[in-house]
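Single-letter residue listing:
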Amino acid sequence: MALELAPAPAPVPVAAGRPRIFSGIQPSGIVHLGNDLGAVRNYVRLQHDYEAIYCIVDYHALTTTHDGALLRVRTREMAASLLALGLDPERCTLFVQSDRPEHTELAWLLATVTPVSWLERTPSYKEKKLNQPDDINHGLLTYPVLQAADIVIYKASVVPVGRDQAAHLELTREIVRAFNARYGETFPAPQAVFTEAPIVLGTDGVRKMSKSVGNTIDIFAPPDVIRKQVMSMVTDTKRILRMDPGRPSVCNVCQLHRHFGPDYEAIWEGERTARTGCVDTKRLLAERIIAYYAPAREHYLELIARPDDVDEVLAAGAARLKPWAEATLAEVHAKMGLR
Ligand code: ADP
């Protein structure tokens, strides 16, 4: 569902020469710790050196939810979250997938060179079929083709994502190879880049942190919610008694401390020697996460109170990309022999 756009501002000319990067994030309302540590940190870092394009992928979200009104609210919340975490509209382009219809058109063209068997073997398709057996819609199967179109329509060569996206990106590369082989060199094969935390485990300590699993730490939630989420974290399951020595290398709480303080080694040692208990380590982690994200949370609350400003950023982003998307489509039409 598209946002109601303000009159489109004139597209800003694009600085030539910087390699392009692209990444998409679903409008799920909240940003969790896995999103930030696994991907958004790289979005912020890379916007300085690359022509960075970031997309809120509402069409992708429609494969798992059909509540368009909710999606609309969440799209704006996700935009506000990304801006609060440091995306700077002066340095990068932030927009909503459904505001650039060329993505879906290119997806159709790419679908014609994509064997169904490639899509059927995608791990996320198999997983989603199990998760939503009553709604195995066509979008679930073809999702990676639209994702490929999202990336290659801007000829992006670098894609900052979490490691959970590696299989999808490999599929994008295969689709690119298939297209280039049939119609001539057109798209670069994009490369994934990971942060130093490419997979953040959820509060269950087993599965990756994910909204769909419900094991998240929501970085902009009120402090009490964050405390509750962190205190519910599963630590080292073999450490039964307070005096048992822990195994910090398998303790998710200890591993997360790595990102929130200068004293990771001391925390590791405290856990290993049972000088500190799991509850102490969790309490400390909760307070550090709350303090770390407090300024961004404040900024997020300010932004969400000015929805028109957020919409304006998104509209300007979509307008800026129009000429690029159209140019790629024209090139693809020509290469495929279409009108
Ligand atoms: P979710 O999996 O919670 O639905 P998205 O699919 O919208 O989140 O992912 C947005 C970005 O965040 C992607 O680049 C994805 O790889 C990254 N990401 C999501 N969850 C994690 C995680 N637990 N660890 C590392 N990166 C993650």
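## What about the pattern of salt bridges?
Close approach of charged atoms allows side chains with opposite charge to pair. Within the structure shown, the criterion is met by 18 salt bridges. For Arg41, the salt bridge is made with Asp36, and the minimal N-O distance between the two is 3.6 Å. Classification of Arg41 as partly exposed rests on a relative accessible area of 26%. Each of Arg18, Glu51 and Arg320 takes part in a single network of salt bridges with overlapping partners.

## Focus on the site of the ligand
Near the ligand there are 18 residues, and of these His32, Gly162, Asp164, Val200 and Lys211 occur at the shortest range. At 3.1 Å from an oxygen atom of the ligand is found a main-chain nitrogen or oxygen belonging to Gln26. In this structure, a nitrogen atom belonging to the ligand sits 2.8 Å away from a main-chain N or O atom of Val200. Considered on its own, the ligand offers 540 Å² of accessible surface; in the complex 94% of this is hidden by protein. Among the elements that line the shell around the ligand, the one with the most residues is helix H1 (residues 33-46), at four residues.

## Remarks on unusual backbone geometry
Of note in the backbone geometry, Lys155 takes a positive phi value of approximately 55° without being a glycine. A positive phi angle, near 65°, is found at Ala274, a position not held by glycine. Relative to the elements of secondary structure, Ala274 occurs in the loop between helix H11 (264-272) and helix H12 (278-304). Residue Ala274 is classed as buried on the basis of its relative accessible area of 13%.

## Observations regarding the packing of helix H4 (residues 102-111) against helix H7 (residues 138-152)
Between H4 and H7, the least distance of the axes is 8 Å, while the angle of their chain directions is 120°. Put simply, H4 runs oblique to H7. H7 is crossed by H4, and the crossing has right-handed handedness. Contact residues: H4 offers His103, Thr104, Leu106, Ala107, Leu110 and Ala111, while H7 offers Val145, Leu146, Ala148, Ala149, Asp150 and Val152.

## A short note on a nonpolar patch on the surface
Side chains of Ile240, Leu241 and Met243 sit close together on the surface and give an oily, nonpolar patch of about 370 Å² of accessible area. Here Leu241 lies in the loop between helix H9 (223-231) and helix H10 (252-257).

## Some thoughts on the domain arrangement of the protein chain
Assigned domains within the protein chain: domain 1 (4-200 + 306-336) and domain 2 (223-301). The gap between the C-alpha centroids of domain 1 and domain 2 is 33 Å. Each side of the interface is counted separately: domain 1 has 13 residues, and domain 2 has nine residues. For the pairing of domain 1 and domain 2, the buried interface totals around 890 Å² over both sides, and the portion due to carbon and sulfur atoms is 65%. Along the contact surface separating domain 1 from domain 2 lie two residue pairs in polar contact (both at pLDDT 80 or more). Looking at the side of domain 1 that touches domain 2, the elements that each hand over two or more residues are H1 and helix H3 (68-84). Ranked by residue count, the leading element in the side of domain 1 that touches domain 2 is H3, at five residues. Taken together, the residues that form the side of domain 1 that touches domain 2 break down as eight nonpolar, one polar and four charged.

Basis of the calculations
Residues numbered from 1 in each chain as written. Predicted model: local features only at pLDDT ≥ 70, side-chain atom pairs only at ≥ 80, totals over all residues. Heavy atoms only, no water. Salt bridge = Lys/Arg side-chain N within 4 Å of Asp/Glu carboxyl O. Buried < 20%, exposed > 50% of the residue type's maximum accessible area, 1.4 Å probe, protein only. Near = heavy atom within 4 Å. Polar contact = N/O pair within 3.5 Å; in protein donor to acceptor, adjacent residues only side chain to side chain. Areas by Shrake-Rupley, 256 points an atom, 1.4 Å probe, with all protein chains shown as cover. Helix = DSSP H or I, 4+ residues; strand = E, 2+ residues; numbered from the N terminus. Axes fitted to C-alpha atoms, helices over the stretch in contact; angles between N-to-C directions. Parallel < 35°, antiparallel > 145°, perpendicular 65-115°, else oblique. Left-handed = near helix turned anticlockwise from the far one by under 90°. Contact = heavy atoms within 4.5 Å. Patch = residues over 30% accessible without salt bridge, like charges linked within 9 Å, V, L, I, M, F, W, Y side chains within 5 Å. Domains from an automatic or database assignment. Buried area = accessible area lost by both parts, 1.4 Å probe. Nonpolar A, V, L, I, M, F, W, Y, C, P; charged D, E, K, R; others polar.

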